[in-house]
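Here is what each chain is made of, one letter per residue.
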Amino acid sequence: LEISPDHMVITKGGSCVPASIIKKGDLLLTATKDLAEVTSITTVVRRGAFAPFTSSGTIIVNGILASNYIAYQRSEYLSIGGAKTPFTFQWIAHTFNSIHRLANMIGISGETYVEGGISRWVDLPHRIMLKTLDQNIIVSAASIGLALILVSIARLMEIIISIPVPFLIGGAISVVIYCHKKRSKL
């Protein structure tokens, strides 16, 4: 598997961690959900990296399950001011990309790329995240917290739109029945 140091791989137990913290003997999840042991690690230099985005946030690379996304720190979880948050970089990136996926769902397309080959949908949030992590703890926490609230709304909309209509109708009927039963007991 050739992967950049910041791109994440899925390890035993389902954690998405940056490739830079993988060591010999670690177990990685394969395409068939088996485990593959890391037997050696070497550094190679290549030109022309590709980072396609999938709706699941994961991709199979040489038989290994990997993330579409990068970690901004050498950790599975975001840390602000030295304090570990409950937010994984996989969840943060996938939630941020819900805006891009929503745009595609409603027919907004026309993907364009910056000079380095990064999608414009990803480039601006990426640059903002880098600058935000360099700020003091109050600015970082407030900025990231507000951004996560806003993109979580987009993620919720994406989930609702993605639900097949019969399940949505079934869920609505269940809520109506539940509310009617509650009201009858009063």
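To be clear, the structure that these remarks concern was listed above.
What you are looking at is a predicted structure, and each value in this text was computed from that prediction instead of being measured.

### What to know about the overall build of the protein chain
Okay, step 1: Tallying secondary structure elements over the protein chain gives five helices and eight strands in all.
Okay, step 2: Of the regular secondary structure in the protein chain, the N- to C-terminal order runs β-β-β-β-β-β-β-β-α-α-α-α-α.
Okay, step 3: With respect to the principal axes defined by its C-alpha atoms, the protein chain has extents near 65 × 40 × 40 Å.
Okay, step 4: When each of the 186 residues of the protein chain is scored for burial, the buried share is 28%.
Okay, step 5: Pairs at least 24 residues apart make up 49% of the contacts formed inside the protein chain by residues separated by at least 6 positions.
Okay, step 6: Taking the 17 positively charged and 11 negatively charged side chains of the protein chain as two groups, their mean positions are separated by 11 Å.

### Some details on the sheet that holds strand E1 (residues 7-10)
Okay, step 1: Overall, antiparallel pairing links the four strands, which are arranged E2-E1-E6-E5 in an open sheet. With partners counted over all chains shown, the strands left at the sheet margins are strand E2 (16-18) and strand E5 (58-61), one partner each. Adjacent strand axes in the sheet meet at a mean angle of 40 degrees, parallel and antiparallel pairs treated alike.
Okay, step 2: Pairing of E1 with E2 involves three bridges; the strand directions are antiparallel. For Ile10, the partnering residue across the bridge sits in E2 and is Cys16.
Okay, step 3: Set on the sheet, helix H1 (residues 89-96) makes contact with E1, E2, E5 and strand E6 (64-70); between it and E6 the angle comes to about 65 degrees.

### Considerations on the environment of Ile161
Okay, step 1: Topologically, Ile161 is positioned in helix H4 (residues 137-162).
Okay, step 2: Residues Ile161 and Met105, 56 residues apart in the sequence, show an inter-C-alpha distance of 8.6 Å.
Okay, step 3: Not counting the four nearest positions on each side in its chain, Ile161 is found in contact with Leu102 and Met105.

### A word on the pairing of E1
Okay, step 1: The side-chain alternation of E1 yields two buried faces, one formed by His7 and Val9 and the other by Met8 and Ile10.
Okay, step 2: Note that E1 and E6 share two bridges and pair antiparallel. Bridge pairing links His7 to Ile70 in E6.
Okay, step 3: Between E1 and E2, which pair antiparallel one after the other, the connecting turn spans five residues, and Gly13 there sits at a positive phi close to 95 degrees.

### Quick word on the pairing of E5
Okay, step 1: Examined bridge by bridge, E5 and E6 share four bridges and lie antiparallel to one another. When the sheet's bridge partners are listed, Ile59 is paired in E6 with Ala66.

Reading the values: rules and limits
- Residues numbered from 1 in each chain as written.
- Predicted model: local features only at pLDDT ≥ 70, side-chain atom pairs only at ≥ 80, totals over all residues.
- Heavy atoms only, no water.
- Helix = DSSP H or I, 4+ residues; strand = E, 2+ residues; numbered from the N terminus.
- Buried < 20%, exposed > 50% of the residue type's maximum accessible area, 1.4 Å probe, protein only.
- Contact = heavy atoms within 4.5 Å.
- Lys, Arg positive; Asp, Glu negative; His and termini not counted.
- Charge placed at Lys NZ, Arg CZ, Asp CG, Glu CD.
- Pairing = 2+ DSSP bridges.
- Axes fitted to C-alpha atoms, helices over the stretch in contact; angles between N-to-C directions.

These figures come from the coordinates and say nothing about function on their own.
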